[in-house]
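# Coordinate inspection notes
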Amino acid sequence: GNNATRGAGASRQLEVELHLSSPQLSKTTIALILFLQLGPLGIDRCCMGQCMLGILKGITGGGFFIWSIIDYFTLLFNCILGAPSIHAMGFDATWDPDTIDPAKWIAIFTLLYSVVSPCVKFCSKYCCGFGGLVAATAPEPETGQILQSKSKSTAPERTADATVSNEDDEETPAWMKTSGEDALL
């Protein structure tokens, strides 16, 4: 009774792990796992029925991240291409037809987010910060004219009491001035 049930469950798990059968799975779930970056934890392998490999992947940090990267791109491109099944890199599954199209769009968004997000972070850090390119070419609120960059530096100088002062305060528009509190941030 009970041992037969356990044996059947273990047999089915072994069959899935060794790819002796190809279960029908939700491709949308896999695409969401890719978007949430849960692959290094082995969740992608677990959801595809390969729990032992998923646990091993999670324990090793995605196979020292190499296994995780290979799985990420394998699944991402399978989702983007809208393939009805996957039989590559140890994956063996047939996708539920109703989940293929939503997974495609989630995967496209994931790819775009993976490319655009670092670019936005880089630009916001190096181009939009204090003294960045945006502040140097921003229009003056009162006149709407573009400020011309000056040959000498207009960067604030720090004084001993941690306040900020500009030599030419009368030429600096009010919206570009910083207080001592802002300079410490």
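Just so you know, these numbers come straight off a predicted model, no measurement behind them.

### Examining the sheet that holds strand E2 (residues 85–88)
Taken together, three strands build an open sheet; the order of strands is E1-E3-E2 and the sheet is mixed. For this open sheet the edge positions go to strand E1 (24–25) and E2, each flanked by a neighbour on one side alone. Note that E1 and strand E3 (residues 91–95) share two bridges and pair parallel. Looking at the pairing, Gln 24 lines up with Thr 94 of E3.

### Focus on helix H2 (residues 27–35)
For H2, the full list of buried residues reads Lys 27, Thr 28, Ile 30, Ala 31, Ile 33 and Leu 34. Contacts from the buried residues of H2 go to E1, helix H3 (43–47), helix H6 (66–81), E3 and helix H7 (97–126). Of the residues trailing H2, Gln 37 is marked for its positive phi of about 60°.

### Brief notes about the pairing of E2
Strand direction decides the pairing type here: E2 and E3, joined by four bridges, are antiparallel. The residue bridging Ser 85 from the neighbouring strand is Thr 94, located in E3. Counting the residues in the hairpin turn of E2 and E3 gives two residues, including Met 89, whose phi is positive at 50°.

### Quick look at the environment of Thr 29
Here Thr 29 is to be found in helix H2. Note: C-alpha distance between Thr 29 and Asp 44 (15 residues apart in sequence) is 8.8 Å.

### Digging into the packing of H6 against H7
Orientation of H6 relative to H7, taken along the N-to-C sense of each, is 130°, at an axis distance of 7 Å. Taken together, the axis directions place H6 and H7 in an arrangement best described as oblique. Read as a crossing pair, H6 and H7 show a hand that is left-handed. Contact residues: H6 offers Tyr 72, Leu 76, Cys 79 and Ile 80, while H7 offers Ala 103, Lys 104, Ala 107, Ile 108, Thr 110, Leu 111 and Ser 114. For the contact of H6 with H7, the residue count by class is eight nonpolar, two polar and one charged.

About the thresholds
- Residues numbered from 1 in each chain as written.
- Predicted model: local features only at pLDDT ≥ 70, side-chain atom pairs only at ≥ 80, totals over all residues.
- Heavy atoms only, no water.
- Pairing = 2+ DSSP bridges.
- Helix = DSSP H or I, 4+ residues; strand = E, 2+ residues; numbered from the N terminus.
- Buried < 20%, exposed > 50% of the residue type's maximum accessible area, 1.4 Å probe, protein only.
- Contact = heavy atoms within 4.5 Å.
- Axes fitted to C-alpha atoms, helices over the stretch in contact; angles between N-to-C directions.
- Parallel < 35°, antiparallel > 145°, perpendicular 65-115°, else oblique.
- Left-handed = near helix turned anticlockwise from the far one by under 90°.
- Nonpolar A, V, L, I, M, F, W, Y, C, P; charged D, E, K, R; others polar.

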